[in-house]
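Here are the chains, one letter per residue:
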Amino acid sequence: ALVETETPATLQYTVATFARLSNYGEVASNLLAPENKKEWEAVKALCKNAHQNVRRHAMETIANVALYETEKLVIDKDIQSILKRGLSDDDDAIVREAVRTNASLLSLELRGAKYPSGVFLLYPTPSQMSQQLAPRLDVDIIFVHGVTGCPKGTWRWGPEMSDSTKQGCWASDWLPVDFPSSRIISIGYEIFLSSWFGTGIPLIHQSKIVIDKLKLASVGDRPIIFITHSFGGLLVKEMLRYASRDKRYKKILDSTIGVVFYSTPHFGSDLTHYRKGYADSIFRGNSVVDDLTPSQSLIDLNTQVIRKHGMENSERRKRMEE
């Protein structure tokens, strides 16, 4: 279907599905198998497609393949020209996937982190990394958006908050000026309030998905500051609680020295009550709405993480200062 589809709408759906499947290592690796050469060539060709969404998902597929098959992709004769085109695309989401690909390819040379789907490196740029122009990195600053947010659009200034424009983003444009020794990452994940737009992943499961990706990106090797908006604050708190119960993520827990909460509904949102009765038959709320409904579980989450982790970090900061 990827090779033979001609209808634009069908092609967009097909390549989007393929991009999702390529998140799985087995699928990504099989794409480079000799018997699948036709499909791989089709993916690369789609990076030049006239339709923006097709190019976006094709580049996402290549970024996912780079995560699992870095060595094979480095020697692919077409990759550098694809990356060059992607980095100069008018769509910032395509640029972001090209940067993710480049960063994973550089991990071989620099023995650095890899960036799975939804983990986007904003600073330093891959070119700074390859030319060793970036200073020694002392801290990770990680942005986590909220409901209907996006990795860069949420953190833009100005009237247009779209994630596809190249309009100024303070996370990538301003912050490195003040903190040049920081690695700045933005997390992207799908989150909808209504089933009309997509299924919701429960908070506890979403936190496990994201923390696994952060671990792959070597988050935990240096101090961490999370900057969160809305539901993103709940997600980070759930990640920290999960990390406190699983030794595999102890480095992430111990390295977290601060969390900034913008408009986080720590104890839920009363707006979720509007979903009751007839309204819910229209609104069709999902598990995200359940997670935002005021409940004892949100109170417990806040108590366990904010109080406990906050006290531990105050002692940790004192030790670091000493």
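Preceding this section is the structure that the text describes.
Since we're looking at a predicted model, the values are computed, not measured.

1. Quick look at the pattern of salt bridges
Pairing between side chains of opposite charge can happen when the charged atoms of each approach one another.
Line of reasoning, step 1. Counted by the stated rule, this structure contains 16 salt bridges.
Line of reasoning, step 2. Here Arg 100 ties to Glu 97 by a salt bridge, and the two come within 2.9 Å at their closest N and O atoms. On the criterion of helical spacing, the pair formed by Arg 100 and Glu 97 is a turn pair, its members being three residues apart in helix H7 (residues 92-110). In this structure, Arg 100 and Glu 97 share a single accessibility class: buried.
Line of reasoning, step 3. The closest approach of N and O atoms between Lys 251 and Asp 221, which form a salt bridge, is 2.7 Å. With Lys 251 in helix H13 (residues 250-255) and Asp 221 in the loop between helix H11 (203-216) and strand S4 (224-229), this pair connects stretches of sequence that are 30 residues apart.

2. Considering the packing of aromatic side chains
Line of reasoning, step 1. Applying the stated rule across the entire model yields four aromatic pairs.
Line of reasoning, step 2. A ring pair is formed by Phe 143 and Trp 155, whose centres lie 4.9 Å apart and whose planes are at 65°; its orientation type is edge-to-face. Of this pair, Phe 143 sits in strand S2 (residues 139-144) while Trp 155 sits in the loop between S2 and helix H9 (170-173), and the two are 12 residues apart along the sequence. Of the two residues examined, Phe 143 and Trp 155, each falls in the buried class.
Line of reasoning, step 3. A ring pair is formed by Tyr 242 and Tyr 249, whose centres lie 5.5 Å apart and whose planes are at 35°; its orientation type is tilted.

3. Regarding the pairing of S4
For a regular strand, the rule is simple: side chains alternate between the two faces of the sheet.
Line of reasoning, step 1. Examined bridge by bridge, S2 and S4 share five bridges and lie parallel to one another. Paired with Phe 143 across the bridge in S4 is Ile 227.

4. So, the packing of H11 against helix H12 (residues 231-245)
Line of reasoning, step 1. Relative to each other, H11 and H12 sit at 75°, their axes nearing to 9 Å. On the basis of the axis angle, H11 is roughly perpendicular to H12. The residues of H12 that touch H11, namely those facing Leu 203, Ile 204, Gln 206, Ser 207, Lys 208, Val 210, Ile 211 and Leu 214, are Phe 231, Leu 234, Leu 235, Glu 238, Met 239, Tyr 242 and Ala 243.
Line of reasoning, step 2. Grouping the constituent residues of the contact of H11 with H12 by class yields 11 nonpolar, two polar and two charged.

5. Some points on the sheet that holds S2
Line of reasoning, step 1. Taking strand neighbours across the sheet as the criterion, the five strands line up as S1-S3-S2-S4-S5 in an open arrangement whose pairing is mixed. Of all the strands in the sheet, just strand S1 (119-123) and strand S5 (256-262) have a single pairing partner and so form its edges. Averaged over all neighbouring strand pairs, the angle between strand axes comes to 20°, with direction disregarded.
Line of reasoning, step 2. In this fold H12 packs onto S2, S4 and S5, with an angle of close to 140° to the strand it touches most, S4.

6. Thoughts on the environment of Ile 204
Line of reasoning, step 1. Positionally, Ile 204 belongs in helix H11.
Line of reasoning, step 2. For the pair Ile 204 and Leu 235, spaced 31 residues apart in sequence, the C-alpha separation works out to 8.0 Å.

7. Comments concerning the nonpolar core
The nonpolar side chains of a soluble globular protein tend to be buried, and buried together.
Line of reasoning, step 1. Within the largest apolar cluster, 35 residues are counted, with the highest numbers of intra-cluster contacts made by Ile 142, Ile 187 and Leu 214.
Line of reasoning, step 2. Counting residues per element, the ones that place at least two in this core are S1, S2, strand S3 (182-187), H11, S4, H12, H13 and helix H16 (296-321).
Line of reasoning, step 3. No other element matches H12, which puts eight residues into this core.
Line of reasoning, step 4. Here Leu 214 is in contact with Ile 142, Ile 187, Val 219, Phe 226, Met 239 and Ile 252, once residues within four sequence places are set aside.
Line of reasoning, step 5. Leu 31, Val 54, Val 65 and Leu 83 belong to the second-largest nonpolar core, a separate cluster that totals 23 residues.

Here is what the cut-offs are and how they apply
- Residues numbered from 1 in each chain as written.
- Predicted model: local features only at pLDDT ≥ 70, side-chain atom pairs only at ≥ 80, totals over all residues.
- Heavy atoms only, no water.
- Salt bridge = Lys/Arg side-chain N within 4 Å of Asp/Glu carboxyl O.
- Helix = DSSP H or I, 4+ residues; strand = E, 2+ residues; numbered from the N terminus.
- Buried < 20%, exposed > 50% of the residue type's maximum accessible area, 1.4 Å probe, protein only.
- Phe/Tyr/Trp six-rings, centres within 6.5 Å; stacked < 30°, edge-to-face > 60°.
- Pairing = 2+ DSSP bridges.
- Axes fitted to C-alpha atoms, helices over the stretch in contact; angles between N-to-C directions.
- Parallel < 35°, antiparallel > 145°, perpendicular 65-115°, else oblique.
- Contact = heavy atoms within 4.5 Å.
- Nonpolar A, V, L, I, M, F, W, Y, C, P; charged D, E, K, R; others polar.
- Core = buried A, V, L, I, M, F, W, Y, C linked by side-chain atoms within 4.5 Å.

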